[in-house]
Amino acid sequence: MNSIDYIRPTTVDEAVSLLAKYKEKARVLAGGTDLIVQMRGGRYQLDAVIDGKHIEELNQLTYSKENGLVIGAAVPCHKIYGDENIASAYPGIMDSATLIGGIQIQGRASLGGNLMNAAPSADAIPALIAHNAVANIVGANGTRSVPVEDICSGPGRTTLDTGEILVSISVPAPSKGFGARYIRFIPRNEMDIAVAGAGVSVQLKNGKIEAARVALSSVAPTPLFVENAGNSLVGKEPSDENIQAAANLAKEAATPITDMRGTVEFRKHLCEVLTRRALHTAVERAREEN
Amino acid sequence: MPATKVHVTTTINGEPVEFLAEPRQSLLEVLRDVVQLTGSKEGCNDGNCGACTVNMDGRIVDSCLVLGVEAEGADIQTVEGIASADGLHPIQQAFLENAALQCGICTPGFLVSSKALLEKEPNPSEERIRMWLAGNLCRCTGYDKIVKAVMAAAKEMAS
Ligand SMILES: Cc1cc2nc3c(=O)[nH]c(=O)nc-3n(C[C@H](O)[C@H](O)[C@H](O)COP(=O)(O)OP(=O)(O)OC[C@H]3O[C@@H](n4cnc5c(N)ncnc54)[C@H](O)[C@@H]3O)c2cc1C
Ligand code: FES
Ligand code: FES
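An account of the accompanying structure is given in this report. (Residues numbered from 1 in each chain as written. Chains lettered and ligands numbered in written order. Predicted model: local features only at pLDDT ≥ 70, side-chain atom pairs only at ≥ 80, totals over all residues. Heavy atoms only, no water.)

## Thoughts on the overall build of chain B
Step number 1: What chain B contains, in helices and strands, is 5 helices and 5 strands.
Step number 2: Going from N to C terminus, chain B has its helices and strands arranged as β-β-α-β-β-β-α-α-α-α.
Step number 3: Scaling as 2.2 N^0.38, a compact globule of 159 residues should have a C-alpha radius of gyration of about 15 Å, and chain B matches this with 16 Å.
Step number 4: With the C-alpha coordinates of chain B rotated into their principal frame, the extents come out at 55 × 30 × 25 Å.
Step number 5: In chain B, which comprises 159 residues, the proportion classed as buried is 48%.
Step number 6: When contacts within chain B are restricted to residue pairs at least 6 apart in sequence, long-range pairs at least 24 apart make up 54% of them.
Step number 7: When the accessible area of chain B is evaluated, it comes to approximately 7500 Å², of which 50% is carbon and sulfur surface.
Step number 8: One way to put it: in chain B the 13 positive side-chain charges average out to a point 7 Å from where the 21 negative ones average out. (Helix = DSSP H or I, 4+ residues; strand = E, 2+ residues; numbered from the N terminus. Rg over C-alpha atoms; globule rule 2.2 N^0.38 Å. Buried < 20%, exposed > 50% of the residue type's maximum accessible area, 1.4 Å probe, protein only. Contact = heavy atoms within 4.5 Å. Areas by Shrake-Rupley, 256 points an atom, 1.4 Å probe, with all protein chains shown as cover. Lys, Arg positive; Asp, Glu negative; His and termini not counted. Charge placed at Lys NZ, Arg CZ, Asp CG, Glu CD.)

Okay, structure coming up:
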């Protein structure tokens, strides 16, 4: 096995030059809970591991009611759910950060790593989509911001170019009447991969739904943003029938596969059940916010 | 090409330690094979079993999912650091008294994890203990005795 370089840049610029130098022979390291397992499994032939955890922008975690939330790409889950203001303002993100792995994994795993790993089953991605999150990316050609639903392009693949690094994830400040939820189905209580999951959000105004978003995990080659399911609720009351109709649209949109974790039929059924339940909880949470 | 080794300066169980590691080597491999601290165990080598749990900068982590070179400047506590010169830590004592181990491979991880919990939350509920320890697997003892031992240790430490 060849030897690899371990490099600890302290600025984004330095990281970008390193990525330009090593190209596809380098990966950025955040918590390593995916990358170290994959390196051991021989997925990459790397010349360099670039540790992102010593770059200030990748470690930032800032929240204000006016400007919303910025999560540095390497911030571990425990910091996110350990901050009470963030946990209460971003309930869907909070749900996913508390159920990724166990305590040991949460001590290291970042939402940035979850997004860049681009697993169809990634628990944070539907929650980020539900919360309208945007990925802030830097490369040799400058900075760009991309909605999270446009990041994953296939299992383990993203729309980032070689040489680009995810610096942070921005999430708008929720306004009054906002609620969100992420739930998944797994065969045990914790430490497992989602058979299916649903991340949803609703914005209530004067008793009606002003905006809603629905995204699913583990039922397509990428986490799936089901725009029409959320849109079907706009202008309507959050009644059982309307929520059921949106859940049916989520079920229709899912294109799962059959594997050891579940069949196509079971997974589609889960999409309906999980979307419905998640929407009900999101509505309850939105009302509590009032 | 011979693997290039990196010089790492760190703190393990309160003592300054220096070692040479290949960037590929996990912290677990470094602890066991380079620093000769074999208390941390390898169960799965992929983050699922928790037998390799160590405390790094105040958080428990699976040392099989940390690179040894990441230990630069860190403060690491392993199972070897739990007992003091005066004897076993109350958590270790409680594991013995409650028969919370059989083969013992999982025990170092359970001890490091439980200690971190009790330092943060001195009086956790049974449910909280079970959730906290979800990243530690045991193939022999069963979890009831382990959870009872942690509850007994919490009581002992509070008295
Ligand atoms: C035991 C166990 C249980 C798990 N349980 C869950 C679970 O319940 N739900 C779930 O969704 N996942 C789970 N995972 C997977 C993993 O923990 C998560 O995907 C985690 O969020 C990855 O984050 P990380 O910081 O460890 O990423 P890393 O492993 O450091 O990186 C992941 C990928 O992203 C790339 N990357 C990281 N940072 C950047 C960046 N800034 N710019 C560009 N690329 C970057 C890396 O090169 C790598 O390809 C589990 C893993 C283990 C080992
Ligand atoms: S050996 Fe590290 S978690 Fe199993
Ligand atoms: S005592 Fe053998 S694995 Fe726990």
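## Concerning the interface of chain A and chain B
Step number 1: Taken together, the 27 residues of chain A in the interface contact 31 residues of chain B.
Step number 2: Around 2500 Å² of area is buried between chain A and chain B when both sides are counted, 58% of it from carbon and sulfur atoms.
Step number 3: Considering only the side of chain A, the residues that lose the most area to chain B are Arg40(A), Ile103(A) and Gln104(A), jointly responsible for 28% of the buried surface there.
Step number 4: Our count for the contact surface shared by chain A and chain B stands at 2 salt bridges.
Step number 5: Linking chain A with chain B are 11 residue pairs in polar contact (both at pLDDT 80 or more).
Step number 6: Residue assignment for the side of chain A that touches chain B shows that the elements contributing at least two residues are helix H2 (35–40), strand E3 (48–51) and helix H7 (103–106) of chain A.
Step number 7: A class-by-class count of the residues in the side of chain A that touches chain B yields 12 nonpolar, 8 polar and 7 charged. (Buried area = accessible area lost by both parts, 1.4 Å probe. Salt bridge = Lys/Arg side-chain N within 4 Å of Asp/Glu carboxyl O. Polar contact = N/O pair within 3.5 Å; in protein donor to acceptor, adjacent residues only side chain to side chain. Nonpolar A, V, L, I, M, F, W, Y, C, P; charged D, E, K, R; others polar.)

## A short note on the sheet that holds strand E1 (residues 5–7) of chain A
All names here are of chain A.
Step number 1: Taken together, the 3 strands give an open sheet; going across it, the order is E1-E3-E2, and neighbouring strands pair in parallel fashion. Looking along the sheet, the strands with just one partner apiece sit at the ends: E1 and strand E2 (26–29). Neighbour-to-neighbour, the strand axes of the sheet open up by a mean angle of 20°, direction not taken into account.
Step number 2: Pairing analysis gives 3 bridges linking E1 to E3, with the strands arranged parallel. Its bridge partner lying in E3, Ile 7 is registered against Ile 50. (Pairing = 2+ DSSP bridges. Axes fitted to C-alpha atoms, helices over the stretch in contact; angles between N-to-C directions.)

## Some thoughts on the packing of aromatic side chains
All names here are of chain A.
Step number 1: Scanning the model with the defined rule gives 3 aromatic pairs over all chains in all.
Step number 2: Arranged with centres 5.6 Å apart and planes meeting at 85°, the rings of Tyr 63 and Tyr 90 form a pair that is edge-to-face. Taken together, the residues span a long stretch of sequence, with Tyr 63 in strand E4 (residues 61–64) and Tyr 90 in the loop between helix H5 (84–89) and helix H6 (91–99) at a distance of 27 residues.
Step number 3: Judged by relative accessible area, Tyr 63 falls into the partly exposed class, the value being 26%. (Phe/Tyr/Trp six-rings, centres within 6.5 Å; stacked < 30°, edge-to-face > 60°.)

## A closer look at the site of ligand 1
Step number 1: Looking at ligand 1, there are 33 residues lining it, with Val28(A), Thr33(A), Asp34(A), Ser110(A) and Asp123(A) nearest.
Step number 2: One finds residues of chains A and B in close proximity to ligand 1.
Step number 3: Between an oxygen atom of ligand 1 and a main-chain N or O atom of Val28(A), the distance comes to 2.6 Å.
Step number 4: When contributions to the shell around ligand 1 are tallied by element, the ones reaching two or more residues are E2, helix H8 (111–117) and strand E10 (165–171) of chain A.
Step number 5: Sort the elements by how many residues they give to the shell around ligand 1 and H8(A) lands first, with 4 residues. (Near = heavy atom within 4 Å.)

## Regarding the side chain of Glu70(B)
Step number 1: Relative to the assigned elements, Glu70(B) resides in the loop between strand E4 (59–62) and strand E5 (75–77).
Step number 2: Look at Glu70(B) and you get buried, because its relative accessible area is 6%.
Step number 3: A polar contact is formed between the side chain of Glu70(B) and the side chain of Arg108(A), at a distance of 2.9 Å.
Step number 4: If we ignore the near neighbours within four places in the chain, the residues touching Glu70(B) are Tyr6(A), Arg8(A), Leu29(A), Ala30(A), Ile36(A), Asp51(A), Lys53(A), Arg108(A) and Met56(B).

## Here's the deal with the pairing of strand E6 (residues 134–139) of chain A
Residues and elements named next belong to chain A.
Step number 1: Most of E6 is tucked away, with 5 of its 6 residues classed as buried.
Step number 2: Count of turn residues in the E6/strand E7 (residues 142–147) antiparallel hairpin: 2 residues.
Step number 3: As judged from the 5 bridges shared by E6 and E10, these two strands associate in the antiparallel manner. Pairing of Val 134 across the sheet is with Ser 170, part of E10.

## Notes on the sheet that holds E7(A)
Residues and elements named next belong to chain A.
Step number 1: One open sheet accounts for 5 strands, arranged E4-E5-E10-E6-E7; its pairing is antiparallel. Here the strands that pair on one side only, and so sit at the sheet edges, are E4 and E7. With strand direction ignored, the average angle separating the axes of adjacent strands in the sheet is 20°.
Step number 2: Running at roughly 135° to E10, helix H1 (residues 12–22) makes contact with E6 and E10 of the sheet.

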